[in-house]
Amino acid sequence: MTGTILDRLRGGLVVSCQPLPDEPDDPMRDPYVQARVAAAAVRGGAVAIRANGTADVAAIRAAVDVPVIGLIKDGTTGVYITPTAAHALRVAAAGADIVAVDATDRPRPDGRAFADTVRAVHAGTRALVLADVSTVEEGVAAVEAGADAVATTLSGYTPTSPATEGPDLELVARLAALLPVPVIAEGRYRTTGQIEQAFAAGAHAVVMGNAITSPLWLTRRFAAACPATTNGRNEKEAT
(Lines give C-alpha, C1' and ligand atoms only; values in the text may rest on other atoms or scores of the structure.)
Protein backbone atom coordinates (compact mmCIF):
# COMPACT_ATOMS: atom_id res chain seq x y z
CA MET A 1 0.00 0.00 0.00
CA THR A 2 2.72 2.46 1.00
CA GLY A 3 4.75 1.82 -2.12
CA THR A 4 1.71 1.91 -4.40
CA ILE A 5 0.48 5.36 -3.33
CA LEU A 6 3.90 6.98 -3.18
CA ASP A 7 4.96 5.37 -6.44
CA ARG A 8 2.08 7.16 -8.14
CA LEU A 9 3.69 10.46 -7.13
CA ARG A 10 7.18 9.61 -8.38
CA GLY A 11 8.53 12.13 -10.86
CA GLY A 12 5.29 14.08 -10.97
CA LEU A 13 3.64 17.37 -10.09
CA VAL A 14 1.39 17.62 -7.05
CA VAL A 15 -0.99 20.57 -7.19
CA SER A 16 -2.04 22.27 -3.97
CA CYS A 17 -5.65 23.49 -4.18
CA GLN A 18 -6.07 25.87 -1.27
CA PRO A 19 -7.54 29.38 -0.93
CA LEU A 20 -5.18 31.99 0.49
CA PRO A 21 -5.10 31.46 4.27
CA ASP A 22 -5.04 35.19 5.08
CA GLU A 23 -8.01 35.98 2.81
CA PRO A 24 -11.30 34.91 4.44
CA ASP A 25 -13.24 36.51 1.57
CA ASP A 26 -11.31 34.73 -1.19
CA PRO A 27 -14.04 33.74 -3.71
CA MET A 28 -12.21 30.44 -4.20
CA ARG A 29 -13.06 29.42 -0.62
CA ASP A 30 -15.66 26.81 -1.50
CA PRO A 31 -15.36 22.99 -1.61
CA TYR A 32 -17.16 22.75 -4.95
CA VAL A 33 -14.83 25.34 -6.50
CA GLN A 34 -11.74 23.62 -5.14
CA ALA A 35 -12.96 20.27 -6.47
CA ARG A 36 -13.35 21.79 -9.95
CA VAL A 37 -9.87 23.33 -9.73
CA ALA A 38 -8.48 19.97 -8.67
CA ALA A 39 -10.20 18.18 -11.53
CA ALA A 40 -8.72 20.67 -14.00
CA ALA A 41 -5.27 20.21 -12.48
CA VAL A 42 -5.53 16.44 -12.83
CA ARG A 43 -6.60 16.79 -16.45
CA GLY A 44 -3.54 18.97 -16.93
CA GLY A 45 -1.22 16.29 -15.59
CA ALA A 46 -1.16 16.55 -11.78
CA VAL A 47 -0.31 13.21 -10.17
CA ALA A 48 -1.87 14.16 -6.82
CA ILE A 49 -3.76 16.98 -5.08
CA ARG A 50 -2.97 18.63 -1.75
CA ALA A 51 -5.97 20.18 0.03
CA ASN A 52 -6.86 21.83 3.33
CA GLY A 53 -9.94 21.06 5.41
CA THR A 54 -12.24 18.08 5.60
CA ALA A 55 -14.92 19.59 3.36
CA ASP A 56 -12.43 20.35 0.59
CA VAL A 57 -10.71 16.98 0.97
CA ALA A 58 -14.02 15.13 0.70
CA ALA A 59 -15.18 17.14 -2.32
CA ILE A 60 -11.85 16.69 -4.11
CA ARG A 61 -11.72 12.99 -3.25
CA ALA A 62 -15.07 12.57 -5.01
CA ALA A 63 -13.90 14.53 -8.07
CA VAL A 64 -10.49 13.00 -8.87
CA ASP A 65 -8.93 9.56 -9.12
CA VAL A 66 -5.41 10.52 -8.04
CA PRO A 67 -4.01 10.43 -4.47
CA VAL A 68 -5.20 13.22 -2.19
CA ILE A 69 -2.84 14.72 0.39
CA GLY A 70 -5.04 16.20 3.09
CA LEU A 71 -4.43 18.50 6.03
CA ILE A 72 -6.25 20.80 8.43
CA LYS A 73 -4.90 24.26 9.16
CA ASP A 74 -5.92 25.22 12.67
CA GLY A 75 -4.60 28.64 13.66
CA THR A 76 -2.00 30.85 12.00
CA THR A 77 1.10 30.57 14.19
CA GLY A 78 3.25 27.80 15.61
CA VAL A 79 2.18 24.27 14.76
CA TYR A 80 -1.04 24.69 12.79
CA ILE A 81 -0.81 22.19 9.91
CA THR A 82 -2.71 19.16 11.22
CA PRO A 83 -1.44 19.95 14.72
CA THR A 84 -2.83 16.94 16.60
CA ALA A 85 -3.67 13.28 16.10
CA ALA A 86 -7.37 14.17 16.27
CA HIS A 87 -6.96 16.53 13.31
CA ALA A 88 -5.07 13.86 11.37
CA LEU A 89 -7.76 11.23 11.92
CA ARG A 90 -10.43 13.66 10.71
CA VAL A 91 -8.47 14.28 7.50
CA ALA A 92 -8.06 10.57 6.87
CA ALA A 93 -11.76 9.98 7.50
CA ALA A 94 -12.60 12.67 4.93
CA GLY A 95 -10.83 10.62 2.26
CA ALA A 96 -7.16 11.64 2.27
CA ASP A 97 -4.77 8.94 1.11
CA ILE A 98 -1.88 10.81 2.71
CA VAL A 99 -2.13 13.10 5.74
CA ALA A 100 0.28 16.05 5.85
CA VAL A 101 1.40 16.89 9.39
CA ASP A 102 3.70 19.57 10.80
CA ALA A 103 6.73 17.55 11.94
CA THR A 104 8.82 20.42 13.30
CA ASP A 105 10.13 20.20 16.85
CA ARG A 106 7.89 23.02 18.08
CA PRO A 107 5.33 22.45 20.87
CA ARG A 108 1.96 21.05 19.78
CA PRO A 109 -1.41 22.27 21.06
CA ASP A 110 -2.15 18.97 22.81
CA GLY A 111 1.34 18.62 24.25
CA ARG A 112 1.93 15.33 22.43
CA ALA A 113 4.67 14.34 19.99
CA PHE A 114 4.63 14.00 16.21
CA ALA A 115 5.26 10.27 16.67
CA ASP A 116 1.91 9.98 18.48
CA THR A 117 0.13 11.33 15.40
CA VAL A 118 1.98 8.90 13.15
CA ARG A 119 1.01 5.95 15.34
CA ALA A 120 -2.63 7.08 15.48
CA VAL A 121 -2.90 7.40 11.69
CA HIS A 122 -1.17 4.09 10.98
CA ALA A 123 -3.19 2.24 13.62
CA GLY A 124 -6.60 3.69 12.87
CA THR A 125 -6.60 4.33 9.11
CA ARG A 126 -5.11 3.20 5.80
CA ALA A 127 -3.60 6.65 5.19
CA LEU A 128 0.10 7.47 5.05
CA VAL A 129 1.81 10.32 6.88
CA LEU A 130 3.70 13.09 5.09
CA ALA A 131 5.96 15.03 7.45
CA ASP A 132 6.14 18.75 6.70
CA VAL A 133 9.57 19.93 7.91
CA SER A 134 11.84 22.97 7.76
CA THR A 135 15.29 21.49 8.50
CA VAL A 136 17.37 18.38 7.90
CA GLU A 137 17.24 17.49 11.58
CA GLU A 138 13.44 17.59 11.56
CA GLY A 139 13.35 15.36 8.49
CA VAL A 140 15.59 12.77 10.09
CA ALA A 141 13.55 12.83 13.30
CA ALA A 142 10.30 12.49 11.34
CA VAL A 143 11.49 9.33 9.62
CA GLU A 144 12.62 7.91 12.96
CA ALA A 145 9.09 8.64 14.22
CA GLY A 146 7.61 6.60 11.37
CA ALA A 147 6.75 9.14 8.66
CA ASP A 148 6.18 7.59 5.24
CA ALA A 149 7.53 10.61 3.34
CA VAL A 150 8.98 14.04 4.07
CA ALA A 151 8.19 17.42 2.49
CA THR A 152 10.14 20.68 2.65
CA THR A 153 6.89 22.64 3.08
CA LEU A 154 7.89 24.63 6.15
CA SER A 155 11.36 25.78 5.13
CA GLY A 156 11.41 29.56 5.43
CA TYR A 157 8.41 29.61 7.75
CA THR A 158 10.07 28.68 11.05
CA PRO A 159 12.68 30.51 13.14
CA THR A 160 15.24 27.76 12.43
CA SER A 161 15.03 27.82 8.63
CA PRO A 162 16.21 30.41 6.08
CA ALA A 163 13.62 32.76 4.59
CA THR A 164 14.29 32.83 0.85
CA GLU A 165 12.45 34.27 -2.13
CA GLY A 166 12.53 30.94 -3.96
CA PRO A 167 12.40 27.30 -2.93
CA ASP A 168 14.92 25.69 -0.57
CA LEU A 169 16.66 23.42 -3.07
CA GLU A 170 19.56 22.79 -0.69
CA LEU A 171 17.20 21.25 1.85
CA VAL A 172 15.72 19.01 -0.84
CA ALA A 173 19.17 17.77 -1.84
CA ARG A 174 20.32 17.15 1.72
CA LEU A 175 17.17 15.29 2.71
CA ALA A 176 17.15 13.22 -0.48
CA ALA A 177 20.74 12.15 0.17
CA LEU A 178 20.04 11.17 3.79
CA LEU A 179 16.55 9.73 4.02
CA PRO A 180 15.27 6.27 3.06
CA VAL A 181 11.79 7.66 2.28
CA PRO A 182 10.57 9.88 -0.58
CA VAL A 183 11.35 13.58 -0.29
CA ILE A 184 8.71 15.92 -1.72
CA ALA A 185 9.77 19.43 -2.68
CA GLU A 186 7.30 22.09 -1.60
CA GLY A 187 7.42 25.79 -0.83
CA ARG A 188 7.63 28.72 -3.26
CA TYR A 189 7.89 26.70 -6.48
CA ARG A 190 6.74 29.05 -9.26
CA THR A 191 8.61 28.16 -12.47
CA THR A 192 9.37 25.13 -14.60
CA GLY A 193 13.05 25.77 -14.03
CA GLN A 194 12.61 25.44 -10.27
CA ILE A 195 10.74 22.17 -10.77
CA GLU A 196 13.59 20.80 -12.90
CA GLN A 197 16.10 21.86 -10.25
CA ALA A 198 14.13 20.09 -7.54
CA PHE A 199 14.12 16.81 -9.43
CA ALA A 200 17.83 17.20 -10.16
CA ALA A 201 18.32 17.61 -6.39
CA GLY A 202 16.60 14.28 -5.77
CA ALA A 203 12.95 15.18 -5.20
CA HIS A 204 10.42 12.37 -5.48
CA ALA A 205 7.70 14.86 -6.50
CA VAL A 206 7.17 18.63 -6.53
CA VAL A 207 4.22 20.57 -5.10
CA MET A 208 3.01 23.82 -6.65
CA GLY A 209 0.14 25.84 -5.25
CA ASN A 210 -0.59 29.54 -5.74
CA ALA A 211 1.30 29.74 -9.02
CA ILE A 212 -1.31 27.38 -10.51
CA THR A 213 -4.48 27.50 -8.42
CA SER A 214 -4.91 30.99 -6.93
CA PRO A 215 -6.33 33.63 -9.29
CA LEU A 216 -6.20 36.13 -6.43
CA TRP A 217 -2.48 35.57 -5.78
CA LEU A 218 -1.63 35.51 -9.49
CA THR A 219 -3.61 38.63 -10.33
CA ARG A 220 -2.03 40.61 -7.52
CA ARG A 221 1.42 39.50 -8.67
CA PHE A 222 0.88 40.64 -12.25
CA ALA A 223 -1.23 43.69 -11.42
CA ALA A 224 1.62 45.01 -9.28
CA ALA A 225 3.56 45.60 -12.49
CA CYS A 226 0.79 47.71 -14.05
CA PRO A 227 0.82 51.54 -13.96
CA ALA A 228 -2.76 51.75 -12.73
CA THR A 229 -1.97 49.58 -9.72
CA THR A 230 1.28 51.35 -8.98
CA ASN A 231 -0.30 54.81 -9.28
CA GLY A 232 -3.20 53.82 -7.09
CA ARG A 233 -0.83 52.57 -4.42
CA ASN A 234 1.23 55.77 -4.59
CA GLU A 235 -1.89 57.91 -4.24
CA LYS A 236 -2.98 55.99 -1.14
CA GLU A 237 0.45 56.32 0.41
CA ALA A 238 0.43 60.09 -0.19
CA THR A 239 -2.87 60.65 1.63
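As shown above, the structure is provided for reference.
Worth saying up front: this structure is predicted, and the values here are computed from it rather than measured. (Residues numbered from 1 in each chain as written. Predicted model: local features only at pLDDT ≥ 70, side-chain atom pairs only at ≥ 80, totals over all residues. Heavy atoms only, no water.)

1. A few points about the overall build of the chain
A count of helices and strands for the chain gives 11 helices and eight strands. Computed over the C-alpha atoms, the radius of gyration of the chain is 18 Å, within 12% of the 18 Å expected from 2.2 N^0.38 for a compact globule of 239 residues. Expressed along its principal axes, the backbone C-alpha trace of the chain runs to roughly 55 × 35 × 35 Å. Each of the 239 residues in the chain was classed as buried or not, and the buried ones make up 50%. Across the chain, the fraction of contacts at a sequence separation of at least 24, relative to all contacts at a separation of at least 6, is 59%. Once the 21 positive and 26 negative side-chain charges of the chain are each reduced to a mean point, those two points are 4 Å apart. (Helix = DSSP H or I, 4+ residues; strand = E, 2+ residues; numbered from the N terminus. Rg over C-alpha atoms; globule rule 2.2 N^0.38 Å. Buried < 20%, exposed > 50% of the residue type's maximum accessible area, 1.4 Å probe, protein only. Contact = heavy atoms within 4.5 Å. Lys, Arg positive; Asp, Glu negative; His and termini not counted. Charge placed at Lys NZ, Arg CZ, Asp CG, Glu CD.)

2. Focus on the layout of surface pockets
The space that makes up the largest pocket amounts to roughly 1,100 Å³. Gln-18, Pro-21, Lys-73, Tyr-157 and Asn-210 are the residues nearest the centre of the largest pocket, which is lined by 38 residues in total. For the lining of the largest pocket, the elements supplying multiple residues, two or more each, are strand E2 (48–52), strand E8 (205–208), helix H9 (210–213) and helix H10 (215–223). Per-class residue counts for the lining of the largest pocket are 14 nonpolar, 12 polar and 12 charged. (1 Å grid on protein atoms, 1.4 Å probe; cavity = no way out; pocket = protein on both sides within 12 Å on 5 of 7 lines; lining within 4 Å. Points joined across faces, edges and corners; volume = space filled by probe spheres on them. Nonpolar A, V, L, I, M, F, W, Y, C, P; charged D, E, K, R; others polar.)

3. A closer look at unusual backbone geometry
One non-glycine residue with positive phi stands out, namely Thr-82, at about 45°. Within the secondary structure layout, Thr-82 lies in the loop between strand E3 (68–71) and helix H4 (85–94). On the basis of relative accessible area, Thr-82 is assigned to the buried category, the value being 0%. Phi is positive for Arg-188, close to 70°, though the residue is something other than glycine. By the secondary structure assignment, Arg-188 is in the loop between strand E7 (183–185) and helix H8 (192–200). Accessibility expressed as a relative area gives 12% for Arg-188, which makes it buried.

4. A look at the pairing of strand E5 (residues 128–132)
The element E5 is extensively covered by neighbouring structure, given that five of its five residues are classed as buried. The alternating pattern of E5 places Leu-128, Leu-130 and Asp-132 on one face and Val-129 and Ala-131 on the opposite face, and all of these are buried. One ladder, built from five bridges, connects strand E4 (residues 98–102) with E5; its direction is parallel. Counted as the bridge partner of Ile-98 is Leu-128 from E5. Each parallel crossover has a hand, and the one from E4 via helix H5 (residues 114–124) to E5 is right-handed. Between E5 and its parallel partner strand E6 (residues 149–151), the chain crosses via helix H6 (residues 136–144), and the hand of that crossover is right-handed. (Pairing = 2+ DSSP bridges. Right-handed = clockwise from strand over helix to strand, strands pointing away.)

5. Here we look at helix H2 (residues 31–44)
Every α-helix carries 3.6 residues per turn, so stepping three or four residues along brings you back to the same face. Between its first and last C-alpha atoms H2 spans 20 Å; for 14 residues at 1.5 Å apiece the expected length is 20 Å, and the two agree. Of all the residues in H2, the buried ones are Gln-34, Ala-35, Val-37, Ala-38 and Ala-41. Down the axis of H2, the buried set is contained in an arc of 160°. They therefore lie on one face. Those residues of H2 that are exposed and angled more than 90 degrees off the buried face are Tyr-32, Ala-40 and Arg-43. The elements touched by buried residues of H2 are strand E1 (12–17), E2, helix H3 (54–63) and H9. Between a side-chain oxygen at the N-terminus of H2 and the backbone nitrogen of Tyr-32 the separation is 2.9 Å; the capping residue is Asp-30. (Expected span 1.5 Å × (residues − 1). Arc of directions from axis to C-beta. Polar contact = N/O pair within 3.5 Å; in protein donor to acceptor, adjacent residues only side chain to side chain.)

6. Some details on the side chain of Thr-152
Within the secondary structure, Thr-152 is located in the loop between E6 and helix H7 (169–178). Discounting chain neighbours no more than four positions away, the residues touching Thr-152 are Val-133, Leu-171, Val-172, Leu-175, Ile-184, Ala-185 and Glu-186.

7. So, the sheet that holds E1
Ordered in space as E1-E2-E3-E4-E5-E6-E7-E8, the eight strands form a closed barrel in which the pairing is parallel. Adjacent strand axes in the sheet meet at a mean angle of 30°, parallel and antiparallel pairs treated alike. Where E7 meets E8, two bridges bridge the pair, whose relative direction is parallel. Looking across to E8, one finds that Ala-185 is bridged to Val-206. (Axes fitted to C-alpha atoms, helices over the stretch in contact; angles between N-to-C directions.)

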